Amino acid sequence: METTVARKRLEEMRDELDRSISVLQGTHPGPVAGSGYPQDSADAGSSLSEADRTEAVLLAARSQRDGVSAALVRLEDSSYGQCVDCGHQIPPGRLDARPDAARCVDCQAKYAKRHR
């Protein structure tokens, strides 16, 4: 993938992730001011569950943003497109599908297996 195209796609991904993170950070449920009524235990469980889901999505978005930022750094230091583990070229099709890919398919599979 041409570096200018990769940079544009990565910057767009980063900007979209920044917007998503901002929205998610503003959606954490909190106590309703002035309600004065005890919260129903079912409502409390529902709120906790929603907060947990939001936190999980937020964590995933932050992790993906870190990967996009790292890919932008690799573009700057001319190592973009090389696997960070084995040093071989990442296939163009993989970079088209995942511009933020840091590893070739084989190394990514090994990495995922180690980090389960």
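Model, not experiment: these values are computed from the prediction.

## Some words on the overall build of the protein
Turning to step 1, where the next piece is worked out: Looking only at helices and strands, the protein has 4 helices and 0 strands in total.
Turning to step 2, where the next piece is worked out: Counting over 116 residues, the protein shows a buried share of 22%.
Turning to step 3, where the next piece is worked out: When contacts within the protein are restricted to residue pairs at least 6 apart in sequence, long-range pairs at least 24 apart make up 59% of them.
Turning to step 4, where the next piece is worked out: Accessible surface computed for the protein: about 7,900 Å², of which carbon and sulfur atoms make up 54%.

## Let's talk about the state of the cysteines
Turning to step 1, where the next piece is worked out: Summed over the entire model, instances satisfying the criterion amount to 0 disulfides.
Turning to step 2, where the next piece is worked out: Not engaged in a disulfide, the cysteine Cys-86 finds its nearest cysteine sulfur in Cys-83; these two sulfurs lie 3.7 Å apart.
Turning to step 3, where the next piece is worked out: Under the relative-accessibility criterion, Cys-86 is labelled partly exposed at 34%.
Turning to step 4, where the next piece is worked out: In this structure Cys-107 is not part of a disulfide, and its nearest cysteine sulfur, from Cys-104, lies 3.6 Å away.

## A short note on the pattern of salt bridges
Turning to step 1, where the next piece is worked out: What the rule picks out here adds up to 8 salt bridges.
Turning to step 2, where the next piece is worked out: Between Arg-7 and Glu-76 there is a salt bridge, with the nearest N and O atoms lying 2.7 Å from each other. Taken together, the positions of Arg-7 in helix α1 (residues 3-25) and Glu-76 in helix α2 (residues 41-76) put the pair 69 residues apart, joining distant regions of the chain.

## As for α1
Turning to step 1, where the next piece is worked out: Compared with an ideal rise of 1.5 Å per residue, which puts 23 residues at 33 Å, α1 spans 32 Å between its outermost C-alpha atoms and is within 8% of the ideal.
Turning to step 2, where the next piece is worked out: By the burial criterion, the buried members of α1 are Ala-6, Leu-10, Leu-17, Ile-21 and Leu-24.

## Notes on the side chain of Arg-103
Turning to step 1, where the next piece is worked out: Relative to the helices and strands, Arg-103 is located in the loop between α3 (92-97) and α4 (105-114).
Turning to step 2, where the next piece is worked out: On the basis of relative accessible area, Arg-103 is assigned to the buried category, the value being 15%.
Turning to step 3, where the next piece is worked out: Excluding its chain neighbours within four sequence positions, the residues that come into contact with Arg-103 are Cys-83, Val-84, Asp-85, Ile-90, Arg-94, Gln-108 and Tyr-111.

## Details of unusual backbone geometry
Turning to step 1, where the next piece is worked out: Although it is not a glycine, Ser-78 sits at a positive phi angle of roughly 65°.
Turning to step 2, where the next piece is worked out: Tracing the backbone through its elements, the reader meets Ser-78 in the loop between α2 and α3.

## Focus: the packing of aromatic side chains
Turning to step 1, where the next piece is worked out: As enumerated under the stated definition, the model contains 0 aromatic pairs in all.
Turning to step 2, where the next piece is worked out: Lying over the aromatic face of Tyr-111, Arg-103 brings its terminal NZ or CZ to 3.8 Å of the ring centre.

## Topic: the nonpolar core
Turning to step 1, where the next piece is worked out: In terms of nonpolar packing, the biggest core is built from 18 residues, with Leu-10, Val-68, Leu-72, Leu-75, Tyr-80, Cys-83 and Leu-95 touching the most fellow members.
Turning to step 2, where the next piece is worked out: For this core, the secondary structure elements donating two or more residues are α1 and α2.
Turning to step 3, where the next piece is worked out: Counting residues per element, this core draws most heavily on α2, which supplies 6 residues.
Turning to step 4, where the next piece is worked out: Setting aside chain neighbours within four positions, we find Leu-75 in contact with Thr-3, Ala-6, Arg-7, Leu-10 and Tyr-80.

What counts and what doesn't
- Residues numbered from 1 in each chain as written.
- Predicted model: local features only at pLDDT ≥ 70, side-chain atom pairs only at ≥ 80, totals over all residues.
- Heavy atoms only, no water.
- Helix = DSSP H or I, 4+ residues; strand = E, 2+ residues; numbered from the N terminus.
- Buried < 20%, exposed > 50% of the residue type's maximum accessible area, 1.4 Å probe, protein only.
- Contact = heavy atoms within 4.5 Å.
- Areas by Shrake-Rupley, 256 points an atom, 1.4 Å probe, with all protein chains shown as cover.
- Disulfide = S-S within 2.5 Å.
- Salt bridge = Lys/Arg side-chain N within 4 Å of Asp/Glu carboxyl O.
- Expected span 1.5 Å × (residues − 1).
- Phe/Tyr/Trp six-rings, centres within 6.5 Å; stacked < 30°, edge-to-face > 60°.
- Lys NZ or Arg CZ within 6 Å of the ring centre and 35° of its normal.
- Core = buried A, V, L, I, M, F, W, Y, C linked by side-chain atoms within 4.5 Å.

Geometric descriptors of this kind do not, in isolation, establish any biological role.
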